[in-house]
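Observations on the three-dimensional arrangement
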Amino acid sequence: MPYDPAISEPRWQEAWEQADTFRAVRDERPKYYVLEMFPYPSGRIHMGHVRNYTMGDVVARFKRAQGFSVLHPMGWDAFGMPAENAAMEQGGHPRDWTYGNIATMRSQLKPLGLSIDWSREFATCDDDYVAQQQALFLDMLEAGLITRKSAQVNWDPVDMTVLANEQVIDGKGWRSGATVERKELTQWFFKISDYSDELLSALDGLEGWPEKVRLMQANWIGKSRGLQFRFQTVDLPDFPSIEVYTTRPDTLMGASFVALSPDHPLVKALAASDHKVAAFVGECRRIGTTEEAIETAPKMGFDTGLTVRHPLDPDWQLPIWIANFVLMDYGTGAIFGSPAHDERDHEFATKYGLPIRATFGERGMDLAAADALVAKAPFVPLKSETVTYVRGFAGAADQTGEAAVDAAIQHAEANGYGEGVTKFRLRDWGISRQRYWGCPIPVVHCGACGTVPEAKQNLPVLLPQDVSFEVPGNPLNRHPTWAATTCPKCGGAARRETDTMDTFVDSSWYYARFTSPHAATPTDRAETDYWMNVDQYIGGIEHAILHLLYSRFFARAMVKTGHLPESAQEPFDALFTQGMVTHEIYMTRDERGRPVYHLPEDVVDGKLADGTPVEVIPSAKMSKSKKNVVDPVNIVEGFGADTARWFMLSDSPPERDVEWTAAGAEAANRFLARVWRLADEIPEGGADPELARAAHRAIDEVTKSIEGFAFNKAVAKIYELANSIGKSKAGGESRREALRIMAQLMAPMVPHLAEEVWAKAGGQGMVVDAAWPKADPALLVSDSVVLPIQINGKRRAEIEVPKDMPKDQIEAIVLADETVQRFMEGQPPKKLIVVPGRIVNVVV
RNA sequence: GCGGGCGUGGCGGAAUGGUAGACGCAUGGGACUUAAACUCCCUGGGGCGCAAGCCUGUGCGGGUUCGAGUCCCGCCGCCCGCACCA
């Protein structure tokens, strides 16, 4: 009988469902919680999902076989902009669009045979999840974790609506094309910055996280020690001083100007009476709100004509400029420019003809040499390097930047003109969104009482259904009745908050909700005590900072409000970041030379059906716009789920991108068919001790590979075992035993085929319930070892010696070796290095 | 611009500082077949050589080491993130 996944895959899925195999139960076993980042219900699953959920499934099934009670849930990150965009473009309601997509994607996901406990499924737009999230919000508000303050948004003056950063293209609104302005709104914030130090220092404990993610988060939080001090202004009684913060106070004597953010209070005051200042600020505000846009925009400055006095020399006056690259959010919104030792300040000073004065030079330089050094380019050595201060004022002349910064802070504190402070780059988390399809913020605005939290018994505050998206803007704002309510405090008329929550809020606690998805409170303590933390979290590297940092903050907030145990404040014990699925891009050009993209299934041998050759562009992330997408549904229908799973795991290491190729998919399918045949045709015959060795070596290596998230290596080892079985003369029980071991090793990856092989090879029950095999140590060791012999670091020969032969005996054999003799030409060796069990190197 | 990562045959990749290229794909050769497909076997970085073997080779340029794909310094290229995409 040939391999036919279309028959066998549904059969085993049915069997697992009948047995309720994957229901997560709290029992006496140790638990293991594996979670993949849940999907946004865009409408169809894509290969990235297949890869992500297959990896998680390998871990889940592997741990299950190892005797753990496994929690492996699935849900939907269901709020967000695309649903509103769809409503605008095609009509319909975001809710219908979203739940329709969820139904489709669930039906596409199920044939993959993932070991998911579907009874725990939820969507973040479910009324119940909204209710619990609002309860959490109220508890966090009461616990002092939430505040309201002003922040800037992208404002589209034509559509009269707030735009997301991705909706601003080259400074223009994506729909209207109007030049976007920055506008200030009062918004809700989670006070994540209260936890800056804590979130930073706790990174050290996250040993199961990739070092790169911890580094990225540390840099994002951005702890810095610096000097905060004041410049006294000249002839400006309303603003007697300007507060500045610097991480390089040692360069104070190289100061050449003071630069203020366009949003600085002094600038606002100047703009009110000076139209030139106002015009400049207006120009700055046309740059988007993203840090990227601000940092990459050409440096622009405006000389206010005002001056300040240098703190170390009252006769020395510095000009006050307004500069578009100074951020109001960081530090004090004002800096002093030290062009000799800062790339950006140097560019600015050069552009506007401001002085460039070195504060230090390379070791041993005098003042003239140092000034010459920095005239053309800034001198920015590592802070740990020792340099010579030519305009120093604190500490030794020769010292490191670090020591000089400390000395400068001490000098400022001793002389009373400034103080050392620690600052963080991390800003509070603004969660207000002026949009419909999100979790309503459960707060009312009362004329008498001000801003009042909704009463818990009035939750959930649900979205109204009768809304339209024909006009841009927030439908909640213009709904005739929805916002009208009564104040929970005084009972008078009040208006609901019409902003909804950032969807990052939804994804910041879903992992906790999965432990008790139907509880009447956000979490159930008995369940979180058992299931938390997530033992293995898997998702894309693109979430390295925001989602993961917000989740770490949220877990702490949930500990503080009693919704999680103290032990769950770091919710993810281990993190794995997987790479993308890529594909070649096929392009032709239309008569006007514009690119036209073609789906892979429409291209055969580099040509379209009509014979037009296509240009092949190297692999990139699969995207609809480039049409370089392969629909998993077609693959599953054509080859079966196991082929899709196997291909996603083979070849590329999980943390790297994998390129989907038709040839690779076919090869994966061919191999699985070969495995099927091996199990289908078991000849009678004798035992083969070499096959048993191969099988046990495979157990050892596959186990280690899965534990180390090296699924591609596990796959390679299974290929080797299959090759060994194919070549072996063993028959009967000896062969069946090897096949059963292979079935068990393959089960986490290709679970349906593994069940078939297991059954054919005489396995008891289902392989999904079989305990993970243990390698027999006696079968892993061999008595002799092949040692390569290097001469001067190049491999020239090899010898086979008993595994535990003493060094001196090996040396004797090596020196007697013909090849070695030849290279030594009668000379004694200069050096002889024997690395036991590894290599020998002779230096002649 | 800033922060982080990656770079090895024709391709995907393997390699506790210790034989570079495991395993797979593609290619070439052979077996089976009337033929093809399927399947099986062999070959498989580049150069020289009948062969044994020798030279060369892990993005580029330096360095440390008995020994470097791996560690250090400087470049180049690509990818991810930059706070309202999810």
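We now turn to the structure provided with this report. (Residues numbered from 1 in each chain as written. Chains lettered and ligands numbered in written order. Predicted model: local features only at pLDDT ≥ 70, side-chain atom pairs only at ≥ 80, totals over all residues. Heavy atoms only, no water.)

**What to know about the overall build of chain A**
Cut-off, in case you're wondering: Under the DSSP-based scheme used, a helix requires at least four consecutive residues in state H or I and a strand at least two consecutive residues in state E, with every element numbered from the N terminus. Partly exposed describes any residue whose relative accessible area lies between the buried limit of under 20% and the exposed limit of over 50%, with all areas from a 1.4 Å probe on protein chains only and scaled to the type maximum. Contact criterion: two residues are considered in contact whenever any of their non-hydrogen atoms come within 4.5 Å of each other.
Counting its regular elements, chain A contains 27 helices and 34 strands. The C-alpha extent of chain A, read off along each of the three principal axes, is 105 × 90 × 65 Å. In chain A, which comprises 844 residues, the share counted as buried stands at 54%. Considering only contacts within chain A whose residues lie at least 6 apart along the sequence, 71% involve residues at least 24 apart.

**A word on the protein's contact with RNA strand B**
So the rule is basically this: Working definition: residue near molecule or strand if any one of its non-hydrogen atoms lies within 4 Å of it. Identification of polar contacts relies on pairs of N or O atoms within 3.5 Å, with a donor-acceptor requirement for protein atoms, meaning one able to donate a hydrogen and the other able to accept it, and with residues adjacent in sequence counted only if both atoms are side-chain atoms. In the scheme used here, Gly and all other residues not listed as nonpolar or charged are polar, with Ala, Val, Leu, Ile, Met, Phe, Trp, Tyr, Cys and Pro taken as nonpolar and Asp, Glu, Lys and Arg as charged.
RNA strand B sits among 65 residues. The nearest are Asn165, Arg435, Arg670, Lys713 and Asn841. Backbone sugar and phosphate groups make up 65% of those atoms of RNA strand B lying within 4 Å of the protein. In this structure, Glu166 approaches RNA strand B through a main-chain N or O atom, which is 3.1 Å from a phosphate oxygen. Among the elements that line the surface near RNA strand B, the one with the most residues is helix α23 (residues 711-727), at six residues. Here the surface near RNA strand B is built from residues that sort into 24 nonpolar, 16 polar and 25 charged.

**Overview of the layout of surface pockets**
Rules: Every definition here rests on a 1 Å grid over the protein atoms only: cavities are sets of points where a 1.4 Å probe fits but cannot get out, pockets are open sets enclosed by protein on both sides within 12 Å along at least five of seven lines, and lining residues have some atom within 4 Å of a point. Grid points are joined across faces, edges and corners, and a volume is the space filled by probe spheres set on the points.
In this structure, the second largest pocket encloses a volume near 780 Å³. Taken together, 28 residues make up the lining of the second largest pocket; nearest its centre are Thr247, Tyr330, Ile335, Asp342 and Arg344. Sorting the residues of the lining of the second largest pocket by element identifies β8 (223-233), β9 (241-246), α10 (291-296), β13 (334-337) and α11 (343-352) as the ones contributing at least two each. With three residues, β13 is the single largest residue contributor to the lining of the second largest pocket. Residue composition of the lining of the second largest pocket, grouped by class: nine nonpolar, 10 polar and nine charged.

**Concerning the pattern of salt bridges**
Pairing of side chains with opposite charge becomes possible as their charged atoms draw close. How we decide: Every case where a carboxyl oxygen of Asp or Glu lies within 4 Å of a side-chain nitrogen of Lys or Arg is listed as a salt bridge.
Inspection of every chain in the model, using the stated rule, returns 41 salt bridges. When the shortest N-O distance is used, the salt bridge between Arg214 and Glu211 registers 2.9 Å. Taken together, the positions of Arg214 and Glu211, both in helix α7 (residues 211-221) and three residues apart, correspond to about one turn of that helix. The salt bridge partner of Glu701 is Lys717, with a shortest N-O separation of 4.0 Å. One end of the pair, Glu701, is in helix α22 (residues 689-707); the other, Lys717, is in helix α23, with 16 residues separating them in the sequence.

**Regarding the sheet that holds strand β18 (residues 429-430)**
Formally: Strands were regarded as paired on the criterion that DSSP finds at least two bridges between them.
Reading across from one edge, β4-β3-β7-β18 is the order of the four strands in this open sheet, with antiparallel pairing throughout. A strand with exactly one partner marks an edge of an open sheet, and here the two such strands are β4 (161-163) and β18.

**Quick look at the environment of Pro210**
Its location among the elements puts Pro210 in the loop between α6 (196-201) and α7. Classification of Pro210 by relative accessible area gives buried; the value is 19%. Distance in space between the C-alpha atoms of Pro210 and Leu691 is 38 Å, their sequence separation being 481 residues. Look past the residues within four positions of Pro210 in its chain and what remains in contact with it is Leu575 and Thr577.

**What to know about helix α1 (residues 5-18)**
Put simply, the test is: A helix is expected to span 1.5 Å multiplied by its residue count minus one. The directions from the helix axis to the C-beta atoms are what the arc is built from.
With 14 residues, α1 extends 19 Å between its outermost C-alpha atoms, agreeing within 8% with the 20 Å of an ideal straight helix rising 1.5 Å per residue. Those residues of α1 lying buried are Pro5, Ser8, Glu9, Trp12, Gln13 and Trp16. Angularly, the buried residues of α1 cover 130° about the axis, an arc narrow enough to put them on a single face. Counted as exposed and oriented over 90 degrees from the buried face of α1: Ala6, Ile7, Glu17 and Gln18. Following α1 by one or two positions, Asp20 adopts a phi angle in the positive range, close to 55°.

**Topic: the packing of aromatic side chains**
Counted only if it meets this: Ring pairs shown here join Phe, Tyr and Trp side chains whose ring centres sit within 6.5 Å, with only the six-membered ring taken for Trp; geometry is labelled stacked below 30 degrees between planes, edge-to-face above 60, and tilted in between. Think of it as a cone above the ring: NZ of Lys or CZ of Arg counts as a charge over the ring if it is within 6 Å of the ring centre and within 35 degrees of the ring normal.
In the structure shown here, the tally under the stated rule is 45 aromatic pairs. With centroids separated by 4.8 Å and ring planes inclined at 75°, the aromatic side chains of Phe79 and Trp437 adopt a geometry described as edge-to-face. Taken as a pair, Phe79 in the loop between β2 (69-71) and α3 (81-90) and Trp437 in the loop between β19 (432-433) and β20 (443-446) lie far apart in primary sequence, 358 residues in all. Taken as a pair, Phe79 and Trp437 share a single burial class, namely buried. Relative to Phe514, the ring of Tyr510 lies with its centre 5.7 Å away and its plane at 70°, an arrangement referred to as edge-to-face. Comparing Tyr510 with Phe514, the two get one shared label, buried. Feature note: the residues Phe38, Phe122, Tyr129, Trp509, Tyr510, Tyr511, Phe514, Tyr537 and Phe572 constitute an aromatic cluster, connected by ring pairs. The ring of Trp16 has Arg61 sitting right over it, with the charged end atom 4.5 Å from the ring centre.

**Examining the side chain of Thr246**
With respect to the helices, strands and loops of the structure, Thr246 is situated in strand β9. Among the polar contacts listed, one links the side chain of Thr246 to the backbone nitrogen of Arg248, at a separation of 2.9 Å. Beyond its immediate stretch of four places on either side in the chain, Thr246 contacts Gly226, Leu227, Phe229 and Phe336.

**Here's the deal with the pairing of strand β32 (residues 794-802)**
Pairing of strand β31 (residues 784-791) with β32, which is carried by eight bridges, proceeds in the antiparallel orientation. Within the sheet, the bridge partner assigned to Pro788 lies in β32 and is Glu798. In textbook terms, the turn of a hairpin is the stretch between consecutive antiparallel strands, and for β31 and β32 this stretch comprises two residues, one of which, Asn792, has a positive phi near 55°.

**Considerations on the nonpolar core**
As a reminder of what qualifies: Take the buried Ala, Val, Leu, Ile, Met, Phe, Trp, Tyr and Cys residues and link them wherever side-chain atoms come within 4.5 Å; each set so joined is a nonpolar core.
Core analysis: the biggest nonpolar cluster contains 159 residues, and Phe137, Tyr511 and Phe554 have the highest contact counts within it. Ignoring sequence-local partners within four residues, the contact set of Tyr511 consists of Tyr33, Leu35, Met532, Val534, Ser551, Phe554, Ala555, Pro571 and Phe572.

Any link to function would need more than the numbers given here.
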